Structures are given as structure tokens and as C-alpha cells.
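Geometric and topological summary
Spelled out from the first residue to the last, the chains are:
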Amino acid sequence: QVRLVESGGGLVQPGGSLTLSCVGSEITLDDHAIGWFRQAPGKEREGVSCISMDGTTYYEDPVKGRFTISRDSAKNTVNLHLTNVEPEDTAVYRCATVWLRPRHGGGTQWGPLDVWGQGTQVTVSS
């Protein structure tokens, strides 16, 4: 069964760090663009970051300079390293296969396709 499995969530203090992992099962992640999304209670799901098949990375404004997305091809994994976390980063984080396309006027749009993980909870609190 094709699926993604996230891990690495937990409780972290403001200003701390955490690494989330997304492992592919019956799917080779290097053959896909992979993105991370998050959803906080009472809020809509939002994109966080994605990595294209050629390794180009994209970050949404709230996490630029604090989060880093990367591939570990040997482990069929895409990691999201969170640093200097804030209470506003509290959410369920999920990875998914994503599409990318040029945005009119410049930049790149990206969004989810059809393979998702179940999610991992990140709670930022002192």
C-alpha cells in the first residue's frame, strides 16, 4: 500500500528545535516532489515547505529562515528541521506528494496531490 509515515513530533519549548521525518512506503520519494503541511486547531490547513525532485526547496513566509527541508535518499525520507520554534508553530504536521508550477508574475505555486501521511503533532509550549 502506497503511503507516507510521519514521525518526530512532540512537545518542544519556544526557541527549541525538532526534526520531523516523512518515510515512504511502497513509494520512492526521490521520484516525487514532497511537501509538508500543517493544521492548527480551528485553522485551515496551510503549506509549510516543499522540495522538488531536483532538490529545489520552497518555504512559506511564516517559516522562512527557521525551517529546513531536505531529502535522505538512502532512507527514502524527507525531513523537516524546525528551529527557533514559536507557539504559533503548534499544529499537526503532515507530508504529502505535491505538484509545482510557475506562478503568474513570478515564483512557484505548489499544492498537495493524493498521497498523504497520517500526521504528527508538534506542540510548542513552555
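Structure: above.
The sections below set out a description of the structure shown in this document. Keep in mind that this is a model prediction, so the values were computed, not measured. (Residues numbered from 1 in each chain as written. Predicted model: local features only at pLDDT ≥ 70, side-chain atom pairs only at ≥ 80, totals over all residues. Heavy atoms only, no water.)

1. Observations regarding the overall build of the chain
The cut-off we apply is this: Working definition: helices are DSSP H or I runs of at least four residues, strands are E runs of at least two. Numbering for both runs from the N terminus. Atoms considered for the radius of gyration are the C-alpha atoms alone. The globule rule reads 2.2 Å times the number of residues to the power 0.38. Burial status follows relative accessibility: with a 1.4 Å probe on protein chains alone, a residue under 20% of its type maximum counts as buried, one over 50% as exposed, and anything between as partly exposed. Any two residues having at least one pair of non-hydrogen atoms within 4.5 Å are treated as being in contact. Residues scored as positive are Lys and Arg, those scored as negative are Asp and Glu, and His as well as the terminal groups of each chain are ignored. Taken as the charge location is NZ of Lys, CZ of Arg, CG of Asp or CD of Glu.
Helix and strand counts for the chain come out as zero helices and eleven strands. Each helix and strand of the chain, ordered N terminal to C terminal, gives the series β-β-β-β-β-β-β-β-β-β-β. Scaling as 2.2 N^0.38, a compact globule of 126 residues should have a C-alpha radius of gyration of about 14 Å, and the chain matches this with 14 Å. Across its three principal axes, the chain shows a C-alpha extent of roughly 40 × 40 × 25 Å. By residue count, 39% of the 126 residues in the chain fall in the buried class. Intrachain contacts of the chain at a sequence separation of at least 6 include 57% that bridge at least 24 residues. Taking the 11 positively charged and 14 negatively charged side chains of the chain as two groups, their mean positions are separated by 2 Å.

2. Thoughts on the sheet that holds strand 7 (residues 67–72)
The criterion, for reference: Strand pairing is assigned whenever DSSP identifies at least 2 bridges connecting the two strands. In this analysis an axis means a line fitted to C-alpha atoms, helices contributing only their contacting stretch, and an angle means the value between N-to-C directions, from 0 to 180 degrees.
Read from one edge to the other, the open sheet built from four strands follows the order 1-3-8-7, with strand pairing classed as antiparallel. Unpaired on one side and paired on the other, strand 1 (3–7) and strand 7 mark the two borders of the sheet. On average, each strand axis in the sheet is tilted by 20° relative to the strand beside it, whichever way the strands run. One ladder, built from five bridges, connects strand 1 with strand 3 (residues 18–25); its direction is antiparallel.

3. Notes on the state of the cysteines
Rules: We call a pair of cysteine sulfur atoms a disulfide whenever their separation is within 2.5 Å.
In the structure shown here, the tally under the stated rule is one disulfide. The partner cysteine of Cys22 in its disulfide is Cys95, sulfur to sulfur 2.1 Å. Note on the Cys22 and Cys95 pair: the S-S dihedral is about 80°, so by sign convention the disulfide is right-handed. With Cys22 in strand 3 and Cys95 in strand 9 (residues 91–102), the pair connects residues that are 73 residues apart, well separated along the chain.

4. Regarding the pattern of salt bridges
The test is simple: The salt bridge criterion pairs a side-chain nitrogen of Lys or Arg with a carboxyl oxygen of Asp or Glu, the two atoms within 4 Å.
For the structure shown, the criterion picks out six salt bridges. With a shortest N-O distance of 2.6 Å, Arg38 and Glu46 are connected by a salt bridge. A relative accessible area of 6% means that Arg38 is categorised as buried. When its relative accessible area of 33% is taken as the criterion, Glu46 is described as partly exposed. For Arg38, the salt bridge is made with Asp89, and the minimal N-O distance between the two is 2.9 Å. Pair noted here: Arg38 is in strand 4 (residues 34–39) and Asp89 is in the loop between strand 8 (77–82) and strand 9, with a separation of 51 residues, a long-range link. Here the two residues Arg38 and Asp89 agree in accessibility, since each one is buried. When salt bridges that share partners are traced, they join Arg38, Glu46, Arg66, Glu86 and Asp89 into one network.

5. Observations concerning unusual backbone geometry
With a phi angle near 60°, Glu26 is a residue other than glycine that sits in the positive phi range. With respect to the element layout, Glu26 can be found in the loop between strand 3 and strand 4. Positive phi is not limited to glycine here, since Asn76 has a value of about 50°. Inspection of the secondary structure assignment puts Asn76 in the loop between strand 7 and strand 8.

The analysis is restricted to geometry; functional conclusions fall outside its scope.
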